[in-house]
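# Tertiary structure, described
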2 protein chains.
Amino acid sequence: MDRRKILLLIFDGLGDRPIAELGRQTPLQAARKEHLDWFAANGINGLVDPIAPGVRPGSDTSHLALFGYDPIQVYTGRGPFEAAGVGIPVKEGDIAFRANFATMDAGMRVTDRRAGRIREGTGDLAKALDGLDLGGGVRVLFRAGTEHRAALVLRGPGLTPHVSDPDPHDEGAKVLSAKATAPDGAATAKALNAFMEKSHKILKSHPVNIAREKAGKHPANAVLLRGAGIVPHLEPLGTRIGMKAAGIAGVALIKGMFRAAGMEVLEVEGATGGLDTDMVAKARAAVDALKKYDLVIVNVKAPDVCGHDGLANEKVRTVERIDAMMAVLKADLGPDTVLAATADHSTPVSLKDHSGDPVPVVVFGEGVRVDDVTRFDELSAARGGLGRILGRDLMPILLNVSNRAEKFGA
Amino acid sequence: MDRRKILLLIFDGLGDRPIAELGRQTPLQAARKEHLDWFAANGINGLVDPIAPGVRPGSDTSHLALFGYDPIQVYTGRGPFEAAGVGIPVKEGDIAFRANFATMDAGMRVTDRRAGRIREGTGDLAKALDGLDLGGGVRVLFRAGTEHRAALVLRGPGLTPHVSDPDPHDEGAKVLSAKATAPDGAATAKALNAFMEKSHKILKSHPVNIAREKAGKHPANAVLLRGAGIVPHLEPLGTRIGMKAAGIAGVALIKGMFRAAGMEVLEVEGATGGLDTDMVAKARAAVDALKKYDLVIVNVKAPDVCGHDGLANEKVRTVERIDAMMAVLKADLGPDTVLAATADHSTPVSLKDHSGDPVPVVVFGEGVRVDDVTRFDELSAARGGLGRILGRDLMPILLNVSNRAEKFGA
């Protein structure tokens, strides 16, 4: 049996609902996309419920499912993936928090939740906090994200996610003392409160902040923390399915998902995670990566951005740019590769948010049972040979098509 | 996000198999039904396995599934829903029994299982038994149903459903002493036996029975009990999905299902649960109810009656009467309502009983991805955009379409 490689393309938020502005078509139906349609015509198609029928997925839970994990079993919250996304090497049992650099007055009152939307110097500020010893064997891992965003991880004995947020969530309110929300949260609350005190001391006298104050800008003299989440045990994807796996994504959260699943993250110049992302560069990088890796997963964030922003025509154009990416893959992918293209969820332009509508999927490669679907869209896919499947079924289906599935029974 | 209301129509036993008498069509295929087909043509269609593929559902388990519960998790037997259906305000942990008024001779032998199909006076007889104290803190809740039927609920400490039936099930046999079928059934058996003794004493000297004997009719001097079932915990549907929910049905069992799910039961004049039911009145009542409630579920029993009675042409006519109901809904439903029409199971005319064949479903409303199905029947539905779904997936799908689904993940 010839084992094949797998390229899984996840077009973030690609699914949609009929849009009046597009003649009651979805962006996929309205777009010109001969290459996407070529894959549909030469592959097997179906509908995917990322989590379950009607369930509205987050990007985190749906990616877990498309990687082949059961999200209901393993998901503990977004924090751990955000932390991994900004580069913290998270380990099972770590407690992760979403963090903001903020401005606090002398009375511990939050005067600016985003520290003047600070952009410069956050890396230096983060470095000053990273590695702090909070006592009791608890150590800090801290990294800056985009703008005022950052992530904190606490590592040490006896930590749990059962603590209240120090973040008061409102401007003008005082930073809160963390409290255990269950008896086993005491050590974490103590460590968090120690962090709040030590970090404030370090930040307020940090050169970056002294310079900001001189320039009349809000100093980033506090860190607001929220959403404690324990890093779950995820058996590394590569081990689980016996493949060397790598991921390509522009946005930090998805990079964090790849890292949490034990995959290598490949950086691609021009892959921004925005509407201006260089999709063709991503396609070329994927083709390249398949020389070294058995499984490559690519996330393209742009359609989700159009959905959240309610931009119907921009979403159509994004599909057409995706089509250019598919042209490259059609030309350059070797016959030893199985390609699958799908979405992590629908982000209907009319909703400006994720919905529980299923998304189309096409699987293309040698050995696939080619059905008579000729277009890649939400309704054509419903008549495809794959029927309606769950997100977590896709990876086993791809392992089967690539002749890598383990036999259950004898 | 615009939240919409939901109208769920459950046509009881509507699904069927090809019938020779109808030219090997199903009643849905044979009937003239332009309005049902209009909804199919303007909605998204699919097939529903109420419980699971090939599983033959009861009306109780399938309604639980269509309400969005997992019937395999929550179902404990039909008794509790029958009891709720005749108006007993059941509570979690109550033990419910199906009951018959019957005639017993002096030797405790059952001489008529239906007490001459008694119709009059059962309410008075029930009242004489309701509230009985059986000792050990166990109290009786008793209500009459249709004809000789009734329901008993035992409420008190230490009760379980692990008891044998006092009902001997055969005429000429003696009423049985209830026995524990597991060690924890002793208290229930004791209470049941106390009920048998006390109820017989009360009933035999009750004026209703004295009058019956004078008129040469069989007295209802005993209550036969069978099918002990514990009332399960059902999180009220309204709480579960955050909607104010009401149900419309002619038959007691379905009313009991609504009540057990914490829904309001709306009475509609002319809604009998029989072939003579006024379906248009039900449609109008549903339109009205949607002004006050977010979710309205309507059960129409007539097609099931035709199936059980083996009446092919009558089932065709019933579909045509359903179509008149759909005409009203097509005209009067507001654009803020999502409509779904399906069945709780198939009741093929050729079987005169429920079958495990899947049933068609159509979902209609703003935002739905309209497929190219143009007829509402078992085979057209199979090519629809919803594919093949489980009964318990329908409510999440409706919550999604009505923009009420919770996000899982971030």
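Residues numbered from 1 in each chain as written. Chains lettered and ligands numbered in written order. Predicted model: local features only at pLDDT ≥ 70, side-chain atom pairs only at ≥ 80, totals over all residues. Heavy atoms only, no water.

## Some remarks on the overall build of chain A
Looking only at helices and strands, chain A features 14 helices and 14 strands. In terms of principal-axis extent, the alpha carbons of chain A reach across some 70 × 55 × 35 Å. The buried share of chain A, reckoned over its 410 residues, is 59%. Partitioning the contacts of chain A with sequence separation of at least 6, the portion at a separation of at least 24 is 73%. For chain A, the accessible surface area stands at approximately 16000 Å², while carbon and sulfur atoms represent 49% of it. Between the mean site of the 52 positive side-chain charges and the mean site of the 51 negative ones, chain A shows a separation of 4 Å. (Helix = DSSP H or I, 4+ residues; strand = E, 2+ residues; numbered from the N terminus. Buried < 20%, exposed > 50% of the residue type's maximum accessible area, 1.4 Å probe, protein only. Contact = heavy atoms within 4.5 Å. Areas by Shrake-Rupley, 256 points an atom, 1.4 Å probe, with all protein chains shown as cover. Lys, Arg positive; Asp, Glu negative; His and termini not counted. Charge placed at Lys NZ, Arg CZ, Asp CG, Glu CD.)

## Notes on helix α14 (residues 391-401) of chain A
Residues and elements named next belong to chain A. All of the buried residues along α14 are Gly391, Leu394, Met395, Leu398, Leu399 and Val401. Take α14 and look down its axis: the buried residues cluster within an arc of 165°, on one side only. Note on α14: the residue one or two positions beyond its end, Asn403, has a positive phi of about 60°. (Arc of directions from axis to C-beta.)

## As for the sheet that holds strand β13 (residues 387-390) of chain B
Residues and elements named next belong to chain B. Strand order in this open sheet of 8 strands is β9-β8-β10-β1-β11-β12-β2-β13, and the pairing throughout is mixed. Bordering the open sheet on either side are β9 (264-266) and β13, each of which pairs with just one other strand. The mean inter-strand angle of the sheet, taken between neighbouring strand axes irrespective of direction, is 25°. Direction of pairing for strand β11 (residues 337-342) relative to strand β12 (residues 359-364): antiparallel, over a ladder of 3 bridges. Bridge pairing in β12 links Ala341 to Val362. Its contacts with the sheet put helix α11 (residues 279-289) on β1 (5-11), β8 (245-248), β9 and β10 (295-300), and the angle it makes with β10 is roughly 170°. Where helix α14 (residues 391-401) meets the sheet, its contacts fall on β1, β2 (44-49), β10, β11, β12 and β13, and the angle it forms with β13 comes to roughly 105°. (Pairing = 2+ DSSP bridges. Axes fitted to C-alpha atoms, helices over the stretch in contact; angles between N-to-C directions.)

## Topic: the relation of the copies chain A and chain B
Of the transformation superimposing chain A on chain B, the axial component is 0.7 Å and the angular component is 124°, with the fit at an RMSD of 0.2 Å. The two molecules are tied by a three-fold rotation axis, judged by turn and shift. An overlap of only 3% is found between the interface residues of chain A and their copies at the interface of chain B, pointing to separate contact surfaces. (Least-squares fit on C-alpha atoms with pLDDT ≥ 70 in both.)

## Structural notes on the environment of Tyr293(B)
Residues and elements named next belong to chain B. With respect to the helices and strands, the residue Tyr293 is situated in the loop between α11 and β10. With a relative accessible area of 4%, Tyr293 lands in the buried category. Sequence spacing of Tyr293 and Leu7 is 286 residues, and the spatial spacing of their C-alpha atoms is 9.8 Å. Leaving out residues up to four positions away in the same chain, Tyr293 has contacts with Lys5, Lys244, Ala245, Ala246, Glu264 and Leu266.

## Observations regarding the domain arrangement of chain A
By a widespread convention, an interface's size corresponds to the accessible area lost as its parts come together. Taken domain by domain, chain A comprises domain 1 (5-75 + 233-401) and domain 2 (92-230). Measuring from the centre of the C-alpha atoms in domain 1 of chain A to the corresponding centre in domain 2 of chain A gives 35 Å. (Domains from an automatic or database assignment.)

## Things to note about the interface of chain A and chain B
Residue-level contacts link 33 residues of chain A with 26 residues of chain B. In total, chain A and chain B occlude about 2300 Å² of area from one another, counting both sides; carbon and sulfur atoms represent 52% of this. At the junction of chain A with chain B, the criterion picks out 3 salt bridges. Here Glu366(B) makes a salt bridge to Arg24(A), at a shortest N to O gap of 3.5 Å. At the junction of chain A with chain B, the criterion picks out 17 residue pairs in polar contact (both at pLDDT 80 or more). Of all elements in the fold, only β3 (56-57), α3 (59-67) and α4 (71-74) of chain A reach the threshold of two or more residues within the side of chain A that touches chain B. With 3 residues, the single largest contributor to the side of chain A that touches chain B is α3(A). Residue composition of the side of chain A that touches chain B, by class: 13 nonpolar, 9 polar and 11 charged. Bridge analysis of β3(A) against strand β14 (residues 407-408) of chain B gives 2 bridges, and the strand direction is parallel. Note that in β14(B) the partner of Pro57(A) across the bridge is Phe408(B). (Buried area = accessible area lost by both parts, 1.4 Å probe. Salt bridge = Lys/Arg side-chain N within 4 Å of Asp/Glu carboxyl O. Polar contact = N/O pair within 3.5 Å; in protein donor to acceptor, adjacent residues only side chain to side chain. Nonpolar A, V, L, I, M, F, W, Y, C, P; charged D, E, K, R; others polar.)

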